[in-house]
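Okay, here's what each chain looks like letter by letter:
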Amino acid sequence: MSSSTTARTTRRRGLRVAAAALVATAGLTLTACSGADATGVKSEGSTGSSSAPESSGAGPSTGAQGTDAQPDNAKSGSGGGASSRAGSGGASSPRAGSGNGAAKGGGKGKFCRANELMMEAVDSSPDSDTGDVTVQMTNKGARTCSVTGFAGVDLKDADGTSAPVHRGGEQPRITNLKSGDTATFSISYTVDSSGDSLASPTNIIVTPPNETHSVSLKWPADALKLAGPYDEKIKVHPVGIAN
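What comes next concerns the included structure. (Residues numbered from 1 in each chain as written. Predicted model: local features only at pLDDT ≥ 70, side-chain atom pairs only at ≥ 80, totals over all residues. Heavy atoms only, no water.)

This part takes up the packing of aromatic side chains. Tallying each qualifying case throughout the model produces 1 aromatic pair. Between Tyr-189 and Trp-219, the ring centres sit 5.6 Å apart and the planes meet at 55°, which makes this aromatic pair tilted. Residue Tyr-189 is found in strand β8 (residues 182-190), and its partner Trp-219 is found in the loop between β10 (215-218) and β11 (235-236); the two are separated by 30 residues along the sequence. (Phe/Tyr/Trp six-rings, centres within 6.5 Å; stacked < 30°, edge-to-face > 60°. Helix = DSSP H or I, 4+ residues; strand = E, 2+ residues; numbered from the N terminus.)

This is the structure we're talking about:
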C-alpha cells in the first residue's frame, strides 16, 4: 500500500471518531436539558401543592367569619324576638274579664290567691236610678297579700251565657290586705226602667287581680234590674280598701 493511501485511511478514521464524539456530546446535552425541564415541572407542581393549603386555610377562615357573624344576626333576631316578646306583652294586656289589672308599682307584695279570700256580692245602689253591686274580699289567710288593680269579672245570665265586664277608667291604687282586712270593688250598670230588658244575671264570676282562678258569686237578689245588653255600659271599678 502506498503512503498516500495510508494517509487517507487514517484521516477517515479520525473523522469518524470525531463525528461519534459529536453525536455522544449532543445526546448528553439533550439529556441534560430534559432533566432540567423535568426538574422545572416538579418545582412548579410543588409550588402548586404548597399553595393549595393556603387556599384551604382561607376557606375555614371565611367560614369562621360567617360563623361569628351568625350569632350577631341571631342576637339581632333574638332582639327582634324580644321586641316581639314586648309587643306580645302589650297585646296580652288584660282584657275585660281577666284578673291581671294591677296598678303600676303595686305588684311588690305577693298577690292574694282566690282561696285566700272570702268573697261576697251585695247590692250597693245609692238610689233607684243607679245600679251598683259591690264585691267584698276579706283576707282569711295568715299572710299579708295584695289585691291591687282590677278584678276580672264576667256576668253569667239565666240563659247560660256569660259576658265580660269592661273596666272603668280609674287608676288603681296599691291595696295590701293584712289578715282579716277587707277590700271591695264595685260593678256599675244602667238600671232597666222599661221592664223589657232580657238581661237576667244570676252569677258574678270573679278573678282577683293577678290571679287565674275564679270564684262564682250569686248576683244579689235585691239588686236593681240590669238594663241589657251586656256591653261597655256595664263597668267594673278598681279594688280599694273598704271604708
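Picking up after the structure, the text goes on.
What follows concerns the nonpolar core. With 29 residues, the main nonpolar core has Phe-185 and Ile-204 as its most contacted residues. Those elements that place two or more of their residues in this core are β1 (117-123), β2 (130-139), β4 (152-157), β8 and β9 (201-207). In terms of residues, this core owes the most to one element, β8, which gives 4 residues. Contact partners of Ile-204, with chain neighbours within four places excluded, come to Ala-121, Val-133, Val-153, Asp-154, Leu-155, Ile-187, Val-215, Ser-216, Leu-217, Trp-219 and Pro-220. (Core = buried A, V, L, I, M, F, W, Y, C linked by side-chain atoms within 4.5 Å. Buried < 20%, exposed > 50% of the residue type's maximum accessible area, 1.4 Å probe, protein only. Contact = heavy atoms within 4.5 Å.)

Opposite charge on two side chains allows them to pair when their charged atoms are near. Counted under the stated rule, the structure contains 3 salt bridges. The residue Arg-113 makes a salt bridge to Glu-211 at a minimum N-O spacing of 3.3 Å. Note that Arg-113 is positioned in the loop between α1 (3-91) and β1 and Glu-211 in the loop between β9 and β10, a separation of 98 residues in sequence. Taking the relative accessible area as the measure of exposure, Glu-211 reaches 7% and is therefore buried. Between Lys-233 and Asp-231 there is a salt bridge whose closest N-O contact spans 2.6 Å. Taking relative accessible area as the criterion, Lys-233 reaches 44% and is therefore assigned partly exposed. Take Asp-231: its relative accessible area is 15%, and that puts it in the buried class. (Salt bridge = Lys/Arg side-chain N within 4 Å of Asp/Glu carboxyl O.)

A regular strand places its side chains so that they alternate between the two faces of the sheet. Among the 10 residues that make up β2, 8 are buried, leaving the element largely enclosed by the rest of the structure. Strand direction decides the pairing type here: β1 and β2, joined by 7 bridges, are antiparallel. By the bridge assignment for β2, Asp-123 is matched with Val-133. Joining the antiparallel neighbours β1 and β2 is a turn of 6 residues. Here 9 bridges tie β2 to β8, and the two strands are oriented antiparallel to one another. Along β8, the bridge assignment pairs Thr-130 with Thr-190. (Pairing = 2+ DSSP bridges.)

Within the element layout of this structure, Ala-183 appears in strand β8. Beyond its immediate chain neighbours, meaning those up to four positions away, Ala-183 contacts Val-135, Gln-136, Met-137, Val-147, Thr-175, Leu-177, Val-239, Gly-240, Ile-241 and Ala-242.

What follows deals with the sheet that holds β9. The strand order across the open sheet built from 4 strands is β5-β4-β9-β10, with neighbouring strands paired in antiparallel fashion. With partners counted over all chains shown, the strands left at the sheet margins are β5 (162-164) and β10, one partner each. The mean inter-strand angle of the sheet, taken between neighbouring strand axes irrespective of direction, is 25°. (Axes fitted to C-alpha atoms, helices over the stretch in contact; angles between N-to-C directions.)

Attention shifts here to the side chain of Ser-146. By the secondary structure assignment, Ser-146 is in strand β3 (residues 145-146). Overall, the relative accessible area of 0% leaves Ser-146 in the buried class. A polar atom in the side chain of Ser-146 sits 2.9 Å from the side chain of Thr-148. (Polar contact = N/O pair within 3.5 Å; in protein donor to acceptor, adjacent residues only side chain to side chain.)

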